[in-house]
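# Results of the structural survey
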Amino acid sequence: MTISTFRINRRKFLGASSVALSGVLLSGCDVFDGLPADGSVRNVLESANDLTYRVQRLLAGRDALAQEFSEADIRQPQRPNGITAPDDSVYKDLLSKDFADWRLEVAGLVEKPLSLSRDELQKMPSRTQITRHDCVEGWSCIAKWTGTPLSLVLDEAKVKPEARFVVFHCLDTIERSLSGDVKYYGSIDLVDARHPQTILAYGLNGKPLPVENGAPLRVRVERQLGYKMPKYIHRIELVDSFAAMGFGKGGYWEDRGYDWFGGM
Ligand SMILES: Nc1nc2c(c(=O)[nH]1)N[C@H]1C(S)=C(S)[C@@H](COP(=O)(O)O)O[C@H]1N2
Ligand SMILES: [Mo]
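Described below are features of the structure shown in this document. None of these values were measured; they are calculated from a predicted model.

With that out of the way, let us pick up the side chain of glutamate 254. Tracing the backbone shows glutamate 254 in the segment after strand E10 (233-239). Of the residues examined, glutamate 254 reaches a relative accessible area of 5% and is grouped as buried. A polar contact of 2.8 Å, which involves the side chain of glutamate 254, links it to the side chain of lysine 228. Beyond its immediate chain neighbours, meaning those up to four positions away, glutamate 254 contacts Tyr227, Lys228, Lys249, Asp259 and Trp260.

Okay, the site of ligand 1 next. The environment of ligand 1 is formed by 22 residues, the closest being Gln78, Arg79, Asn81, Asp172 and Lys231. The backbone of arginine 79 places a nitrogen or oxygen atom 2.5 Å from an oxygen atom of ligand 1. Here asparagine 81 contributes a backbone N or O atom positioned 2.8 Å from an oxygen atom of ligand 1. Taken by itself ligand 1 offers 530 Å² of open surface, and the protein chains cover 98% of this. Among the secondary structure elements, those contributing two or more residues to the shell around ligand 1 are strand E3 (127-135) and strand E5 (165-175).

With that settled, consider the sheet that holds strand E1 (residues 104-108). Strand pairing within a sheet occurs via backbone hydrogen bonds; the two strands may be parallel or antiparallel. Read from one edge of the open sheet, five strands run E2-E1-E10-E5-E6, paired in mixed fashion. The sheet is open, and its two edges are formed by strand E2 (114-116) and strand E6 (182-189), each paired on a single side. Taken pair by pair, the neighbouring strands of this sheet meet at an average axis angle of 20°, ignoring direction. Packing of helix H5 (residues 150-157) onto the sheet brings it into contact with E1, E2, E5, E6 and E10, and relative to E2 it is tilted by some 135°.

Across the junction of alanine 215 and proline 216, the peptide omega takes the value 5°, indicating a cis bond. With respect to the helices, strands and loops of the structure, proline 216 is situated in the loop between strand E8 (207-208) and strand E9 (218-220). Even without a glycine there, the phi angle at phenylalanine 99 is positive, about 65°. Summarising the element assignment, phenylalanine 99 is placed in the loop between helix H3 (89-96) and E1. You can call phenylalanine 99 buried: its relative accessible area is 4%. Here the phi dihedral of lysine 158 falls at roughly 55°; this positive angle occurs in a residue that is not glycine.

A separate point is the environment of cysteine 170. Inspection of the secondary structure assignment puts cysteine 170 in strand E5. According to the relative accessible area criterion, cysteine 170 is buried, its value standing at 2%. Between the C-alpha atoms of cysteine 170 and valine 182, which are 12 residues apart in sequence, the distance is 10.0 Å.

Under the defined criterion, the tally for this structure stands at 13 salt bridges. In this structure, the salt-bridge partner of aspartate 155 is arginine 194, at a minimum N-O distance of 2.9 Å. Taken together, the positions of aspartate 155 in helix H5 and arginine 194 in the loop between helix H6 (190-193) and strand E7 (199-204) put the pair 39 residues apart, joining distant regions of the chain. Under the relative-accessibility criterion, aspartate 155 is labelled partly exposed at 45%. For arginine 194, a relative accessible area of 36% gives the class partly exposed. Residues participating in the shared-partner salt-bridge network are Asp87, Arg176 and Asp181.

What counts and what doesn't
Residues numbered from 1 in each chain as written. Chains lettered and ligands numbered in written order. Predicted model: local features only at pLDDT ≥ 70, side-chain atom pairs only at ≥ 80, totals over all residues. Heavy atoms only, no water. Helix = DSSP H or I, 4+ residues; strand = E, 2+ residues; numbered from the N terminus. Buried < 20%, exposed > 50% of the residue type's maximum accessible area, 1.4 Å probe, protein only. Polar contact = N/O pair within 3.5 Å; in protein donor to acceptor, adjacent residues only side chain to side chain. Contact = heavy atoms within 4.5 Å. Near = heavy atom within 4 Å. Areas by Shrake-Rupley, 256 points an atom, 1.4 Å probe, with all protein chains shown as cover. Pairing = 2+ DSSP bridges. Axes fitted to C-alpha atoms, helices over the stretch in contact; angles between N-to-C directions. Salt bridge = Lys/Arg side-chain N within 4 Å of Asp/Glu carboxyl O.

In structure tokens, the structure reads:
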């Protein structure tokens, strides 16, 4: 009972917020425009977040796999969404050299910080999976993703025991405003980071990952919603808290009201 009530609140909130948020992107007005100023919606949402997270962890089990599909289920290209052509000069420079100078940095609470080229990542063992991508905006796409299991990269970097979350830093600017430009960022916990289907993907449907879907590297976290899978990543940071990042909620969309645990 309680759970479904919370879930309804969350759905309503998401519906209202995507309207408000698209206004934000265009007008640069207050990010919580359209919500009661007293924060009541956000308070309900925050308790719902926490509850959904813990209940889903309990019900689904920590290692449950997302459904995988067959080649025949792939009926269309992966629909690009969010930023699809970063116009950041750093990104465009990297792209113009086919990402030869691009590196994935692994930093923060690790014993051995890494700086990996695309070749080095592709030489590591890979995993290919055909999965369904669900966006909160209400569409889904089945596609085949190939990449390096994130757990292998974390093992290589030797995560320190105090680390709790993996933060992904991206090259694309998602918001431009007077208070400064914001590049996309997001995070997951170490349980999801070490999940066997969590990969750093460089391949899509048997080809190199296209720019619109996040070249040269994007995250796949198959039991979560689309916004939990940052594209254009260049730095992975192990942290024990989100306090120093954005508004402290762990991601660009989370800082603007979405669930931190965007699970399904
Ligand atoms: N860097 C970055 N990552 C991102 C986004 C974005 O705008 N920038 N959008 C997110 C959202 S809301 C979705 S649904 C998926 C879309 O991935 P796709 O373009 O491959 O379909 O990427 C997610 N990751
Ligand atoms: Mo999305």
